[in-house]
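# Close look at the chain arrangement
Chain residues, written in single-letter form:
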Amino acid sequence: MKITILNGSPKGDLSVTLQYVEFLKKKFPQNRYTTFNIAQKIKRIETEPAEFKKIIAAVKESDAVIWSFPLYYMLVHGSYKRFIELVFERKAGSVFKNRHAATISTSIKFFDNTAHDYMHAICDDLQMQYTGYFSASMNDLKNSDTQKQLTLFAKKFFKAAASKERFSPSYSPINCKKQKYSPGKAKPVINNSLYKIIVLSGGIKPKSNLDNMINFFCGQFTDDIQIIDLAKEDIKNGCLGCCHCGYDNTCIMEGRDGYVDIYKTVIQTADIIIVADEIHDRYLSSTWKTFLDRSFFNTHKPSLLNKQIGFLISGPFSQTGGTLQTTLQGWCEFQKAGNIGVVTDEQSNSKRTDNLISDFAKRAFWGLEQRYITTDTFLRVGGFKVFRDDIYGSLRTVFNADHIYYKKNGYYDFPQKKIGLRMLNTGLKLLLRIPALRKRVFTQEIIPGMVAPLKKIVNNTKADS
Ligand SMILES: Cc1cc2nc3c(=O)[nH]c(=O)nc-3n(C[C@H](O)[C@H](O)[C@H](O)COP(=O)(O)O)c2cc1C
């Protein structure tokens, strides 16, 4: 069989993920493989039509496609995403139709699920036969059990492709029909003279719905709001994945393009950040994604602490399948920011969008003045446990700056360090060996015991003035 491998790592042949595919090539030498370094070569693929055509021709020739990619900010790398956008923009999607697809990633397993869900949805949009995912931690290949499971995964994939096995899609096609948003006259009712509000966009087409949404939002405020169109900024390339930033948060591109300067002087000094973008396939634009990837020079530390962050989105947000919503929420939680929420132009009429935007603006301002921070969910709690363990362990040398920060800010909150709790657990465990006591605890003590300290707080609570 002919297999096309689309490599999503900016490191090209030096990709960790690609080693998993190389392993499979050795295991199954009977197939013919063609690999394209998509993320690394995106500029050529985008600007030289022959390069793009070569990839599309290979896909057309092949029986199956392996999407091999590293995790980048809860999704794929911005340049890989750009390739996906090109496939749709250049109407080349038909060559993928009915071909079998599998996704293989490496990561530290921080939101690897959202990246695979996204790629699954893209495969469904391309009408491929999506067979499943293999998500590995970077060094899993050293483990013989992983080697065995990876081999089985590939065997299953090749068998499905050879026998033309069918798979049910999980995502319905997106209906992209948009209605024109014509805003009313905005009333500048919010005095923002003391605060800095910015709008950050992956690209603003004049007079588009997004442009109108941004203008109506800005019209709610008495003072000017800075609008940054990332497509026009001096951002030369996506994140190179070099991890140069790990030691002391210095990006290797600092001084070579404008990214770090914009991040430090414009974005980090803002009180409210509004991300305004259009839906491209199942996510926002690759320009926005590239911006997000490059913010990795801050490594695994929040760099927008306590800011208010909200989203103005043009396009079928509610049809994107939940992945986008989860990654936006996860990003806000990771930043320990106030999440203002999302307003889209999917409303039945323009007046409704106007009302949503003006309430959104008021909410943003209220959150800022009150210093409201959105509560953590599993997304941050679980995610930070992954970071905590990895920075303390295998990533500590490369990510020295994170280690210093985590130590200083109490992020190393390992439960085994809580000596009092450990002693209590040991003592209680011994006491529970006594049957009569155990019976009493489990029938009479546990439930009221859980509530008692909380009840005490509730009983002493006074009305909020
Ligand atoms: C900018 C950047 C962002 C990353 N984002 C994530 C992430 O969101 N989740 C995760 O688990 N790993 C993340 N990683 C880790 C990489 O996915 C991991 O190192 C991967 O194995 C690299 O594979 P490659 O060598 O094939 O590029 C990120 C790494 C970089 C440099």
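Rules used in this analysis
- Residues numbered from 1 in each chain as written.
- Predicted model: local features only at pLDDT ≥ 70, side-chain atom pairs only at ≥ 80, totals over all residues.
- Helix = DSSP H or I, 4+ residues; strand = E, 2+ residues; numbered from the N terminus.
- Rg over C-alpha atoms; globule rule 2.2 N^0.38 Å.
- Buried ≥ 20, exposed ≤ 12 C-beta atoms within 10 Å, placed from the backbone.
- Contact = placed C-beta atoms within 7 Å.
- Pairing = 2+ DSSP bridges.
- Axes fitted to C-alpha atoms, helices over the stretch in contact; angles between N-to-C directions.
- Domains from an automatic or database assignment.

## What to know about the overall build of the chain
- The helix and strand inventory of the chain stands at 15 helices and 10 strands.
- Taking 23 Å as the expected radius of gyration for a compact globule of 465 residues, we find that the chain reaches 25 Å, a close match to that expectation.
- By its C-alpha atoms, the chain is 70 × 70 × 45 Å across when sized along the principal axes.
- Every one of the 465 residues in the chain was classed for burial, and the buried ones make up 40%.
- The contacts in the chain between residues at least 6 apart in sequence include a share of 84% that link residues at least 24 apart.

## Brief notes about the sheet that holds strand β1 (residues 2–7)
- What the 5 strands build is an open sheet, ordered β2-β1-β3-β4-β5; its pairing is parallel. What marks the edges here is a single partner per strand, and that holds for β2 (32–37) and β5 (129–137). Each strand of the sheet is rotated relative to its neighbour by a mean of 20 degrees, with strand direction disregarded.
- Each of β1, β2 and β3 (64–70) touches helix α3 (residues 49–61); the most contacted strand, β1, lies at about 140 degrees to it.
- Together, β3, β4 (100–107) and β5 form the strand contacts of helix α5 (residues 112–125), whose direction differs from that of β4 by roughly 160 degrees.

## Topic: the domain arrangement of the chain
- Each assigned domain of the chain is listed with its residue range as follows: domain 1 (2–162), domain 2 (197–370), domain 3 (378–408) and domain 4 (416–459).
- A straight line from the C-alpha centre of domain 2 to that of domain 4 covers 46 Å.

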